[in-house]
Amino acid sequence: MVRYVAWLVAVVGCVVLSSIAGCGKGEERVAPTISIWYAQWAPADALQELGNQYETETGIRVEVVQIPWDSFQDMVFREFASTRTGFDIVVGDSQWLGRGAEKGLYVDLTDWLPTAVDLGVIHPVVLSALCQYKGRYYAAPCEPDACGFAYRKDWFEDPGERAAFKTRYGRELAPPDTWEEFRQVAAFFTRPDQARYGCALLAGRKYDSLVMGFQQLMWAWGGDWSDPQTHRADGYVNSPASVEALTFYRDLVRDCAPPGAVNFSYEECTNNLNNGRVAMAMIYFGFYPGFVNVLGDKVGFFMTPARGDERVASLGGQGFSISTKTDEQKQEMAKRFIAWFLARAQQEKWTRYPGAFTAHAGVLASEEFRTEGDYNAAFADSLDYLKDFYSIPEYSELLAAATEHVAEALDGARTPKEALDAIAEAHEDILREAGLLKE
Amino acid sequence: MSRELYAQHERGALKYAFVAPALILLIAMNVFPLCYTVYLSFTDAELVGQSHRMVGGANYGTVFTRPEYARAIRTTAVFVLGAVSIETVLGFFLALLLKKDFPVKAVVLTVLLVPMMMPPAVMGLYWSMLLDPNYGIVNQILSAFVRSPPLWLSDPDLKLFSLILIDVWMWTPFMMLICLAGLGNIPEHVYEAAEIDRASRWMVFRRITLPMCAPLLFLGVLLRLTDALKQFDLVMATTGMHDGSTRTLSVLLYRVMFGSQKSGLGSAFSYVVLVVVIALAMLFIRYIGRIRAGQGAY
């Protein structure tokens, strides 16, 4: 027995000693690294490029880990469940702010951010929606974004189409400015016999796409998710205005979009415009490289239409948040990188990468930025109309309930009124349980 | 202590020393999580929160009263009953066809087994493309015969059926294999005796083939049932977790645990699912035992 134990101790000792020796050598070789987790899309490539420049300047490596959009949120919060996170910075969605702040996952940047960046030059709507929660800063702006539309410029400029449109509607064929014009243009291009349709809207159940698509109409029609003071959802999300907005959205999906359009999320909207199946596609402007790389100058962009005087675009984009579950030295390194990134010189470089946008007011107003592509101008003009979904810790449950029931209305499983009543009930249950509903 | 007694003692200690690592692993990986989940199910624990408090049976109350849980149970039941019964009938039929030897039997068997060997998530994505209403080959073929082909994955009345269809495509070969093994176990002389007695084909099937195949058939059904009850990957890859009409128990569990991040509620829910699965499995095992006992004389 003693012999066996002696052998076991010797073997285990060798393994432990060799691994300690290995670790020591490894530490000497590895350069200081800032690890950033971001969703898998063009701005993440741009961030890596800019990070490489930061490494050249400072010797500190920046590693951007890209995670597919569908699993981004789940992976990040699963990581936060550990005692240490694999990332130092997460470029998280605006809706995550509440959870990150209330659960102590994000470093409070309130004292540091104004000293590192001139907040006066950041677009106020972006600063408030992307960085602030309950008046404190938990993120710094990285990639502000707005929901809008891409359209087939070549179809809109076709003389035959223009003449036919003018004969039918008595006005020029142009990117629609109002939802009523949008419906006309969508109906005009809907020709199932030619496998052509008017529009692809965010109607699928993946992540937040359906809610981001529908809420713009709900707000423009005068509805809201809830009363901002009491959080009562009944009478707001299921108000006659909201029902009318959802009916309008459902009719667009049913009458002017390709078969199966109720499953369209970001990817499907992009593919259907690129494949020449639809004339207009609802999308966040940050996805523009996906169109421009395929269609070149045959694609154009326009802001989310208005209803009367009311124009609202869903806020998109993400901010830099520093994990509280990484050591303080890394947190300081992360802050230095963010400050470097937000300087005007870097912001000008940043916007030259495909899909990358800025909240820097000076850059946004510059002629160079606005004339770079019509996506830039449409994006910059949309910033004043941005509005966001809930950003409280319970947002993912609220989002899931909203997605499920709005989708049921689009599927035809429920009427718009029934679907919105179901959302009101589900949201009030969630908010009541969270102690946020003032009865 | 005598030398013999000492050696005996050392052998005993060595025996335990060999078993100990596996035992410790088992406790750490299985028993501890099971017990900890029971504890969590009585708390309001969240995935990323540090502290939690006891909430009594509130989580179990939620599981038994919220309509979304009842709907997920209904959806899972329809999926399991639909998929497993079709797979069993089809698998048995295929096994009967493939029982006798023929020149390319090995090739046919290999081709039939391919769907079973593919990962369900990949199959889900693959079938999403096949069933796409605009580009999918299924509707392109169907459009030659019908004016408006079905919207397989967007029509609320068809979605669950489509998932059953995919599952049947994937798992019928498994049932076929099990049935083939069962059929192979029936001695030839039993059929010869039936032939001498001039039993009809239907009588042979009903009195010999089916009953003698039953224990293995039920084992196959049990395996498929427990697997179908856990259906997750296929749903996530096709319709996702926000579709109430196709949301199975496992998908709802994922949504509660990782979407809403409510570990306490998720733990209570997982225990309810576990109890249902174990109860079903016990029922089947007892039934198989009875059949085997009935065939004991043979």
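Residues numbered from 1 in each chain as written. Chains lettered and ligands numbered in written order. Predicted model: local features only at pLDDT ≥ 70, side-chain atom pairs only at ≥ 80, totals over all residues. Heavy atoms only, no water.

Asker: I'm lost on the overall build of chain A in this one. Help?
Answerer: If you tally the helices and strands in chain A, you get 20 helices and eleven strands. A compact globule built from 439 residues should have a C-alpha radius of gyration of about 22 Å, and chain A, at 24 Å, falls within 12% of that. C-alpha atoms of chain A, sized along the principal axes, occupy 95 × 50 × 45 Å. Residue burial in chain A is summarised as follows: out of 439 residues, 59% are buried. (Helix = DSSP H or I, 4+ residues; strand = E, 2+ residues; numbered from the N terminus. Rg over C-alpha atoms; globule rule 2.2 N^0.38 Å. Buried < 20%, exposed > 50% of the residue type's maximum accessible area, 1.4 Å probe, protein only.)

Asker: Sorry, what's going on with the overall build of chain B here?
Answerer: Broken down by element type, chain B carries twelve helices and zero strands. Helices and strands in chain B line up, N terminus first, as α-α-α-α-α-α-α-α-α-α-α-α. Radius of gyration (C-alpha) of chain B: 25 Å, far over the 19 Å computed for a compact globule of 298 residues. Referenced to the eigenvectors of the C-alpha coordinate spread, the extents of chain B come out at roughly 70 × 70 × 35 Å. Among the 298 residues that make up chain B, the fraction classed as buried is 42%. Sequence-distant contacts in chain B: of pairs separated by 6 or more residues, those separated by 24 or more amount to 68%. Entry remark: accessible area of chain B is about 17100 Å², with carbon and sulfur atoms responsible for 69%. (Contact = heavy atoms within 4.5 Å. Areas by Shrake-Rupley, 256 points an atom, 1.4 Å probe, with all protein chains shown as cover.)

Asker: Which parts of the structure should I look at to understand the pairing of strand β2 (residues 61–67) of chain A?
Answerer: Successive side chains on a regular strand alternate, one facing one side of the sheet and the next facing the other. All names here are of chain A. By the bridge criterion, seven bridges tie strand β1 (residues 33–39) to β2 in an arrangement that is parallel. Bridging from a neighbouring strand, Tyr38 pairs with Gln66 of β2. Traced from β1 through helix α2 (residues 42–58) to β2, the parallel crossover comes out right-handed. (Pairing = 2+ DSSP bridges. Right-handed = clockwise from strand over helix to strand, strands pointing away.)

Asker: Looking at this structure, how should I read helix α11 (residues 249–259) of chain B?
Answerer: Three or four residues apart is the spacing at which side chains of an α-helix point the same way, because the helix has 3.6 residues per turn. All names here are of chain B. Within α11, nine of the eleven residues are buried, which leaves it mostly tucked inside the rest of the structure. The complete set of buried residues in α11 reads Leu249, Ser250, Val251, Leu252, Tyr254, Arg255, Val256, Met257 and Gly259. In the segment just after α11, Gln261 is the residue with positive phi, at about 60 degrees.

Asker: Is there a simple way to explain the interface of chain B and chain A in this structure?
Answerer: Much of the literature gives interface size as the accessible area that the parts lose upon coming together. At the junction of the two partners, chain B supplies 31 residues and chain A supplies 33 residues. Both sides of the chain B and chain A interface together cover about 2600 Å² of buried area, and 47% of this is carbon and sulfur. Together, Val48, Asn134 and His242 of chain B form the three largest contributors to the area buried by chain B at its contact with chain A, with a combined 24%. Two residues, Asp411 of chain A and Lys159 of chain B, come together in a salt bridge whose shortest N-O distance is 2.8 Å. Along the contact surface separating chain B from chain A lie 16 residue pairs in polar contact (both at pLDDT 80 or more). Every element with two or more residues in the side of chain B that touches chain A is listed here: α1 (3–40) and α11 of chain B. Top element by residues in the side of chain B that touches chain A is α11 of chain B. It accounts for four residues. Split into classes, the residues belonging to the side of chain B that touches chain A amount to twelve nonpolar, ten polar and nine charged. (Buried area = accessible area lost by both parts, 1.4 Å probe. Salt bridge = Lys/Arg side-chain N within 4 Å of Asp/Glu carboxyl O. Polar contact = N/O pair within 3.5 Å; in protein donor to acceptor, adjacent residues only side chain to side chain. Nonpolar A, V, L, I, M, F, W, Y, C, P; charged D, E, K, R; others polar.)

Asker: Please explain the packing of aromatic side chains as it appears in this structure.
Answerer: Any pair of aromatic rings gets described here by the distance separating the centres and the angle formed by the planes. All told, the structure shown has 58 aromatic pairs over all chains when counted by the stated rule. Aromatic side chains Phe214 of chain A and Tyr249 of chain A sit 6.2 Å apart centroid to centroid with 55 degrees between the ring planes, which places their arrangement in the tilted category. Placement of Phe214 of chain A in helix α10 (residues 209–221) and of Tyr249 of chain A in helix α11 (residues 240–256) is noted, with a sequence separation of 35 residues between them. The buried category is assigned to Phe214 of chain A, whose relative accessible area is 0%. For the ring pair Tyr69 of chain B and Phe269 of chain B, a centre distance of 4.9 Å and an interplane angle of 85 degrees mean the geometry is edge-to-face. Taken together, the residues span a long stretch of sequence, with Tyr69 of chain B in helix α3 (residues 67–98) and Phe269 of chain B in helix α12 (residues 263–294) at a distance of 200 residues. By relative accessible area, which is 1% here, Phe269 of chain B ends up buried. Seen from the ring of Trp155 of chain A, Arg196 of chain A lies directly overhead, with NZ or CZ sitting 3.8 Å from the centre. A cation sits over an aromatic face here: Arg311 of chain A above Tyr385 of chain A, 5.5 Å from the ring centre. (Phe/Tyr/Trp six-rings, centres within 6.5 Å; stacked < 30°, edge-to-face > 60°. Lys NZ or Arg CZ within 6 Å of the ring centre and 35° of its normal.)

Asker: Help me out: how do you make sense of helix α3 (residues 69–80) of chain A in this one?
Answerer: Here α3 of chain A spans 17 Å end to end across twelve residues, near enough to the 16 Å set by a 1.5 Å rise per residue. Considered for burial, the residues of α3 of chain A that qualify are Trp69, Phe72, Gln73, Asp74, Val76, Phe77, Glu79 and Phe80 of chain A. (Expected span 1.5 Å × (residues − 1).)

Asker: Looking at this structure, how should I read the pairing of strand β9 (residues 299–303) of chain A?
Answerer: Residue and element names in this part refer to chain A. Of all five residues in β9, five are buried; the element is thus mostly enclosed. Alternating residues of β9 divide into Val299, Phe301 and Met303 and Gly300 and Phe302, and every residue in both groups is buried. Sheet analysis places strand β6 (residues 140–152) next to β9, joined by five bridges and oriented antiparallel. Directly across from Tyr151, in β9, lies its bridge partner Gly300.

Asker: How do you make sense of the nonpolar core when you look at a structure like this?
Answerer: Nonpolar side chains in soluble globular proteins generally cluster together in the buried interior. Core analysis: the biggest nonpolar cluster contains 158 residues, and Leu47, Trp179, Phe182, Trp225, Met280, Phe320 and Phe337 of chain A have the highest contact counts within it. Apart from the residues within four sequence positions on either side, Trp179 of chain A is in contact with Phe149, Leu217, Ala220, Trp221, Phe248, Leu252, Met282, Thr304, Pro305, Ala306 and Arg307 of chain A. With 64 residues, the next largest nonpolar core counts Leu109, Ile166, Ile186 and Tyr271 of chain B among its residues. (Core = buried A, V, L, I, M, F, W, Y, C linked by side-chain atoms within 4.5 Å.)

Asker: Before we go on, may I ask you to explain the packing of helix α8 (residues 159–169) of chain A against helix α9 (residues 179–189) of chain A in this structure?
Answerer: Each pair of packed helices gets described by two things: the angle between the helix axes and the distance between those axes. Residue and element names in this part refer to chain A. Direction vectors running N to C along α8 and α9 enclose 120 degrees, while the axes themselves pass 11 Å from each other. Put simply, α8 runs oblique to α9. Two packed elements cross with a definite hand, and for α8 against α9 that hand is right-handed. For the pair α8 and α9, the contacting residues are Glu161, Ala164, Phe165, Arg168 and Tyr169 in the first and Gln184, Val185, Ala187, Phe188 and Phe189 in the second. (Axes fitted to C-alpha atoms, helices over the stretch in contact; angles between N-to-C directions. Parallel < 35°, antiparallel > 145°, perpendicular 65-115°, else oblique. Left-handed = near helix turned anticlockwise from the far one by under 90°.)

Asker: In this structure, what is going on with the environment of Ile166 of chain B? I would like to understand it.
Answerer: Residue and element names in this part refer to chain B. One can find Ile166 in helix α7 (residues 159–184). Assessed through its relative accessible area of 0%, Ile166 is described here as buried. Each C-alpha atom, one on Ile166 and one on Ala228, is 12 Å from the other, the two residues being 62 residues apart in sequence. Filtering out sequence-adjacent residues up to four positions away, Ile166 remains in contact with Trp127, Leu131, Leu234 and Thr238.

Asker: Sorry, what's going on with the environment of Arg136 of chain A here?
Answerer: Residues and elements named next belong to chain A. Examined against the element boundaries, Arg136 turns out to sit in strand β5 (residues 136–137). Taking the C-alpha atoms as reference points, Arg136 and Trp221, separated by 85 residues in sequence, lie 31 Å from one another. Excluding its chain neighbours within four sequence positions, the residues that come into contact with Arg136 are Asp108, Thr110 and Cys131. Within the structure, Arg136 has its side chain in polar contact with the side chain of Asp108 (distance 2.7 Å). A polar side-chain atom of Arg136 sits 3.5 Å from a polar atom in the side chain of Thr110.

Asker: Would you mind showing me how to read the pattern of salt bridges here?
Answerer: Any two side chains of opposite charge can pair if their charged atoms end up close together. Here the structure, examined in full by the defined rule, presents 43 salt bridges over all chains. Residue Lys103 of chain A pairs with Glu46 of chain B through a salt bridge whose shortest N-O separation is 2.8 Å. Of this pair, Lys103 of chain A sits in the loop between α4 (97–102) and α5 (113–116) while Glu46 of chain B sits in the loop between α1 and α2 (58–65), on two different chains. Looking at Glu46 of chain B, the relative accessible area reads 25%, which means it is partly exposed. The salt bridge involving Lys105 of chain B is made with Asp101 of chain B; its shortest N-O contact spans 3.3 Å. What makes Lys105 of chain B buried here is its relative accessible area of 15%. Using a relative accessible area of 70% as the deciding quantity, one classes Asp101 of chain B as exposed. Via salt bridges that share partners, Arg205 and Asp411 of chain A together with Lys159 and Asp243 of chain B belong to a single interconnected network.

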